[in-house]
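Structural overview
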Amino acid sequence: MDLFDYMRSNTMEKESPLASRLRPETLEDIVGQQHILGEGKLLYRAIKADKVSSIILYGPPGTGKTTIARVIANTTKAEFTQLNATVAGKKDMEQVTAAAKERMGMYGQKTILFVDEIHRFNKSQQDYLLPFVEDGTVVLIGATTENPYFEVNSALISRSIVFQLEPLNKEDIAILLKRAVYDVEKGMGAYHGEISDEAVEFLADMSNGDARNALNAVELGILTTEPSADGKIHITLDVAAECIQKRVTLYDKDGDNHYDTISAFIKSMRGSDPDAAVYYLARMLYGGEEVAFVARRIMICAAEDVGNADPQALTVAVSAAQAVERLGMPEARIPLAQAAIYVACAPKSNAAYMAINEAMDWVAKHKTEHIPPYLQDAHYSGAKNLGHGLDYKYAHDFENHYVKQQYLPDEVEGHKFYRSGDLGYEARMKEWLEELKQEG
């Protein structure tokens, strides 16, 4: 490192964001994640013994993935190298692996490669790393906010241990906030700031387990608040509220939270819990989810889970989807809520869903059976000469507009695809159909 590199490194360390400066350097300084870093836990033992194998750190932003990597870097005797998958390319990986092979061959020293945002690497980039991970040239530490079982190649997953990090609880965030305000060496202690218990509790709650967001709010508050008459900067509840004006939501429209939240939303409607349905709807809307996507899911749920137990549910859902197109946010939240509540409160039947699935499965597995001639189209010239339409019984010519007649092909006759439910309007349909067939 030359003089300019040294000066630049010192400047960056001093000017880097508070959340970066406060990152722990030892296991003992880490706050939270005791389920994987508690004394005696596997990852704790591996780091302490400098026996870390390839791992994937998976969790929401601000939960300590990079912190754990930094602690490993400070603990290990191996060479520690870092890449960020958002900017690194194959050339960068080639340089790292070439140096790792040389280091292993000449000095017998391992190389730990930390890849931040590893899900950003495409399949070919991930495949490139595989042989070097497999033969031990590099020990891979990947960090990702996305489900690695979806976003990381299965071959890499099979050669790694996945550790899932959880959002920090409010007590953990509170510890970090006080450390940030009063730590003179790494925190904002030199500014002589004070933070009230109310402000700590508020920021810890509003950050939703994201330590980085809470620390950014404290840093902004201290840097922009004038000292009081006592010469101290007071971070009060009002100051804290200004610095974090909107609650952090763990919602990524393209990631796990998107799928988890929409899943919970649908299951709440299916489970007849309107309160939960509205809650998850609010989370999606607050997180910026596309209202058209939400409307489509309500329509699907209305058809799949309510069906003919209340045919009006689909009508309400379709009307809400049309209203959403015309209104946009924020007004679109109202018809969406109306439709979600209606579907949640409606009697349930998945009979139509099951019927079409079973019928589709039958068609896929069996040859195309011959349609009875009397059901075939008889409106074109020569059709009757082929026997099409002959002896067809027109239902409206008979009492109750019903006549007993075989409609399924011979090979399928007698097979039941539709099994009516016993709730709501579908129960009435079932009763009517049974009476009709008995009379017929």
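Please refer to the structure higher up on the page.
Residues numbered from 1 in each chain as written. Predicted model: local features only at pLDDT ≥ 70, side-chain atom pairs only at ≥ 80, totals over all residues. Heavy atoms only, no water.

With that settled, consider unusual backbone geometry. The omega torsion across Met329 and Pro330 is 10°, close enough to zero to call that bond cis. Tracing the chain through its elements places Pro330 in the loop between α17 (312-327) and α18 (333-345). Phi is positive for Glu117, which is not a glycine, with a value near 55°. Looking at where Glu117 falls in the secondary structure, it is placed in the loop between β3 (111-116) and α7 (123-134). Backbone geometry at His192 places phi at a positive 55°, although glycine is not the residue there. Its location among the elements puts His192 in the loop between α10 (170-182) and β6 (193-195). (Helix = DSSP H or I, 4+ residues; strand = E, 2+ residues; numbered from the N terminus.)

What the rule picks out here adds up to 12 salt bridges. A salt bridge links Arg21 to Glu219, with the shortest nitrogen-to-oxygen separation between them at 3.8 Å. Taken together, the positions of Arg21 in helix α2 (residues 18-21) and Glu219 in helix α12 (residues 211-224) put the pair 198 residues apart, joining distant regions of the chain. Assessed through its relative accessible area of 17%, Arg21 is described here as buried. (Salt bridge = Lys/Arg side-chain N within 4 Å of Asp/Glu carboxyl O. Buried < 20%, exposed > 50% of the residue type's maximum accessible area, 1.4 Å probe, protein only.)

The next point concerns the side chain of Gln125. The residue Gln125 is located in helix α7 in this model. Overall, Gln125 belongs to the buried group, its relative accessible area being 14%. What Gln125 contacts, discounting residues up to four positions off in sequence, is Ala88, Gly89, Lys90, Met93 and Arg120. (Contact = heavy atoms within 4.5 Å.)

This brings us to the packing of α10 against helix α11 (residues 197-206). At a minimum axis separation of 9 Å, α10 and α11 run at an interaxial angle of 125°. Judged by the inter-axis angle, α10 sits oblique to α11. Of the two possible hands of crossing, α10 and α11 adopt the one that is right-handed. Here α10 contributes Lys170, Ile173, Ala174, Leu177 and Lys178 to the contact with α11, which in turn contributes Asp197, Val200, Leu203, Ala204 and Asp205. For the contact of α10 with α11, the per-class residue count stands at six nonpolar, no polar and four charged. (Axes fitted to C-alpha atoms, helices over the stretch in contact; angles between N-to-C directions. Parallel < 35°, antiparallel > 145°, perpendicular 65-115°, else oblique. Left-handed = near helix turned anticlockwise from the far one by under 90°. Nonpolar A, V, L, I, M, F, W, Y, C, P; charged D, E, K, R; others polar.)

Look at α17 against α18: their axes get within 9 Å of each other, and the N-to-C directions meet at 165°. Relative to α18, α17 is oriented roughly antiparallel. The two elements α17 and α18 cross, and the hand of that crossing is left-handed. Where α17 abuts α18, its residues Gln312, Ala313, Val316, Ala317, Ala320, Ala323, Val324 and Leu327 lie against Pro335, Leu336, Ala339, Tyr342 and Val343.

Taking 1.5 Å per residue, 16 residues should reach 22 Å; helix α16 (residues 291-306) reaches 21 Å between its end C-alpha atoms and fits that length. Among all positions in α16, only Val291, Phe293, Val294, Ala295, Ile298, Cys301, Ala302, Glu304, Asp305 and Val306 are buried. Looking one or two residues past α16, Gly307 carries a phi angle of roughly 55°, positive in sign. (Expected span 1.5 Å × (residues − 1).)

Now for a nonpolar patch on the surface. Taken together, the side chains of Tyr392, Tyr394 and Tyr407 define a hydrophobic patch exposed on the protein surface, amounting to about 330 Å² of accessible area. Residue position: Tyr407 is located in the loop between α19 (351-365) and α20 (424-439). Given the relative accessible area of 43%, Tyr407 is considered partly exposed. (Patch = residues over 30% accessible without salt bridge, like charges linked within 9 Å, V, L, I, M, F, W, Y side chains within 5 Å. Areas by Shrake-Rupley, 256 points an atom, 1.4 Å probe, with all protein chains shown as cover.)

On to the pairing of strand β2 (residues 79-84), then. Where β2 and β3 come together, six bridges link them in parallel fashion. Paired with Phe80 across the strands is Ile112, a residue of β3. Read from β2 through helix α6 (residues 90-107) to β3, the crossover connection turns out right-handed. (Pairing = 2+ DSSP bridges. Right-handed = clockwise from strand over helix to strand, strands pointing away.)

Two strands in a sheet stick together by hydrogen bonds in their backbones, pointing the same way (parallel) or opposite ways (antiparallel). The strand order β2-β3-β4-β1-β5 describes an open sheet built from five strands, whose pairing is parallel. Each having just a single partner strand, β2 and β5 (161-164) make up the two edges of the open sheet. The average undirected angle you get between the axes of adjacent strands in this sheet is 20°. Here strand β1 (residues 55-58) runs beside strand β4 (residues 138-144); their pairing, made up of four bridges, is parallel.

In this section: the packing of aromatic side chains. Geometrically, a pair of aromatic rings is defined through the distance of the ring centres and the angle of the planes. By the definition in use, this model includes four aromatic pairs. Taken together, a centroid distance of 5.0 Å and an interplanar angle of 65° make the contact between Tyr279 and Tyr280 edge-to-face. Taking the relative accessible area as the measure of exposure, Tyr279 reaches 45% and is therefore partly exposed. Tyr280 gets classed as partly exposed once you look at its relative accessible area, which sits at 22%. (Phe/Tyr/Trp six-rings, centres within 6.5 Å; stacked < 30°, edge-to-face > 60°.)

A few words now on the side chain of Thr76. Within the secondary structure layout, Thr76 lies in the loop between α5 (65-75) and β2. Here Asp50 takes part through its side chain, which lies 2.7 Å from a polar atom of the side chain of Thr76. A polar contact of 2.9 Å, which involves the side chain of Thr76, links it to the backbone nitrogen of Ala78. When residues no more than four places from it in sequence are discounted, the contact partners of Thr76 are Asp50 and Ile112. (Polar contact = N/O pair within 3.5 Å; in protein donor to acceptor, adjacent residues only side chain to side chain.)

For a regular strand, the rule is simple: side chains alternate between the two faces of the sheet. Most of β3 sits out of view: six of its six residues are buried. Neither face of β3 is left uncovered, since the one carrying Thr111, Leu113 and Val115 and the one carrying Ile112, Phe114 and Asp116 both have all their residues buried. Sheet topology note: the β3/β4 ladder contains six bridges and is parallel. Residue pairing across strands places Val115 opposite Gly142, the latter belonging to β4. In terms of handedness, the path from β3 via α7 over to β4 forms a crossover that is right-handed.

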